[in-house]
Amino acid sequence: MKTTRRTYVLTLNAPSKKGLQLWMGKSIHALRHCPNKQMGQALRELQQDMDSLCPPVSPSGGSYSLNRGR
């Protein structure tokens, strides 16, 4: 089953409005403002989408270390 991707725009402290605003839609041209009541669910969806795009990070930091030369 193919899922459609959503586009998210998160604004923090915009000059016209203070606080967090979230816009989401099927494309950048179809963005709609996310009401405060739906903000929590939309942020959870955004986090799930980000998690699915990023590979899991191992707790040990993998084979590369910042202290490699010491």
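Residues numbered from 1 in each chain as written. Predicted model: local features only at pLDDT ≥ 70, side-chain atom pairs only at ≥ 80, totals over all residues. Heavy atoms only, no water.

**Topic: the sheet that holds strand 2 (residues 20-25)**
Put simply, the test is: Strands qualify as paired when DSSP identifies two bridges or more between them. Counting from the N terminus, the helices are the DSSP runs of H or I reaching at least four residues and the strands are the DSSP runs of E reaching at least two. Contacts are assigned to residue pairs that have any heavy atoms within 4.5 Å of one another. Lines fitted to the C-alpha atoms define the axes, with helices restricted to the stretch that makes contact. Angles between their N-to-C directions range from 0 to 180 degrees.
Strand order across the open sheet formed by three strands is 1-2-3, with antiparallel pairing between neighbours. Edge positions in the sheet fall to strand 1 (7-12) and strand 3 (32-33), since each of these pairs with one other strand and no more. With two bridges joining them, strand 2 and strand 3 adopt antiparallel strand pairing. Directly across from Met24, in strand 3, lies its bridge partner Arg32. Helix 1 (residues 39-53) rests against strand 1 and strand 2 of the sheet, and its axis sits at about 65° to strand 2.

**Here we look at the confidence of the model for the chain**
Rules: pLDDT is defined as a per-residue confidence score from the predictor, taking values between 0 and 100.
Here the chain shows a mean pLDDT of 76. Residues at 70 or above account for 74%. Taken element by element, the predicted model of the chain shows its lowest mean pLDDT in strand 1 (83) and its highest in strand 3 (86).

**Focus: the side chain of Gln21**
Put simply, the rule is: Throughout, exposure labels follow a simple rule: accessible area from a 1.4 Å probe, protein chains only, divided by the maximum for the residue type, with under 20% read as buried, over 50% as exposed, and the rest as partly exposed.
With respect to the secondary-structure elements, Gln21 resides in strand 2. Its relative accessible area of 15% is what places Gln21 among the buried residues. In this structure, Gln21 is in contact with Val9, Leu10, Thr11, His33 and Met39, ignoring residues within four places of it in sequence.

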